[in-house]
Amino acid sequence: MKLDLDRQPMGRSALELAGEVDLGLGEDRPGPATLKGELTVQNLDARSLVNGTLEAEGRAGCGRCLETFTCRWPVAVDLMVLRNVDSDEEEGETLLILQKDGEVDLHDALRECAILAFPHAPVCSLSL
């Protein structure tokens, strides 16, 4: 899951993503999870803003019946890629990636977003 800064058009565009990340959340939590969807990229002079919502899917243990089921959850993504590595830009609540050009590997940032969005007590549809 990469963003190619050299080929990204200026202005707003869409970035289709699909891939697998290993969440490593422990027992009865998803190990590998599939992320897919479309993010919006706003390519500006000194930075690129990447945001939107992806769909995540992984196997998890139900908090009520304890059965394993396929858990799906939305993953909010809000990233900033700074091209000026000497910038004093502060992170705030946006994940910050420093890279001047080339392909930016979004894997670790998307993994972190998926972990933060995972429900604390997932429940299967049979337990609702």
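The preceding data block contains the structure.
Below is a short write-up of the structure.

## Some details on a negative patch on the surface
Taken together, D6, D101, E103, D105, D108 and E112 make up a surface patch of like negative charges. Mapped onto the negative patch, the elements with two or more residues apiece are β7 (103–105) and α1 (107–117). Structurally, D6 can be placed in the loop between β1 (2–4) and β2 (11–22). A relative accessible area of 54% places D6 in the exposed class.

## Quick look at unusual backbone geometry
One non-glycine residue, L66, lies in positive phi territory at about 70°. On the secondary structure map, L66 appears in the loop between β4 (47–61) and β5 (68–82).

## Quick word on the environment of A117
As for its placement among the helices and strands, A117 is situated in helix α1. Along the chain, A117 and A56 lie 61 residues apart, while their C-alpha atoms are 9.3 Å from each other.

## Quick word on the pattern of salt bridges
With the rule as written, the count across this model stands at two salt bridges. Residue R7 is joined to D4 by a salt bridge in which the shortest nitrogen-to-oxygen separation is 3.8 Å. Here E57 ties to R72 by a salt bridge, and the two come within 2.9 Å at their closest N and O atoms. Of this pair, E57 sits in strand β4 while R72 sits in strand β5; the two residues are 15 residues apart in sequence, bridging distant segments of the chain. On the accessibility criterion, R72 (53% relative accessible area) is exposed.

## Thoughts on the side chain of R83
Among the structural elements, R83 can be located in the loop between β5 and β6 (95–98). Of the polar contacts made by the side chain of R83, one reaches the side chain of N43; its length is 2.9 Å. There is a polar contact of 3.5 Å between the side chain of R83 and the side chain of S48. Leave out the neighbours within four places in its chain, and R83 touches L5, N43, L44, D45, A46, R47, S48, Q99 and K100.

Reading the values: the criteria
- Residues numbered from 1 in each chain as written.
- Predicted model: local features only at pLDDT ≥ 70, side-chain atom pairs only at ≥ 80, totals over all residues.
- Heavy atoms only, no water.
- Patch = residues over 30% accessible without salt bridge, like charges linked within 9 Å, V, L, I, M, F, W, Y side chains within 5 Å.
- Areas by Shrake-Rupley, 256 points an atom, 1.4 Å probe, with all protein chains shown as cover.
- Salt bridge = Lys/Arg side-chain N within 4 Å of Asp/Glu carboxyl O.
- Lys, Arg positive; Asp, Glu negative; His and termini not counted.
- Charge placed at Lys NZ, Arg CZ, Asp CG, Glu CD.
- Helix = DSSP H or I, 4+ residues; strand = E, 2+ residues; numbered from the N terminus.
- Buried < 20%, exposed > 50% of the residue type's maximum accessible area, 1.4 Å probe, protein only.
- Polar contact = N/O pair within 3.5 Å; in protein donor to acceptor, adjacent residues only side chain to side chain.
- Contact = heavy atoms within 4.5 Å.

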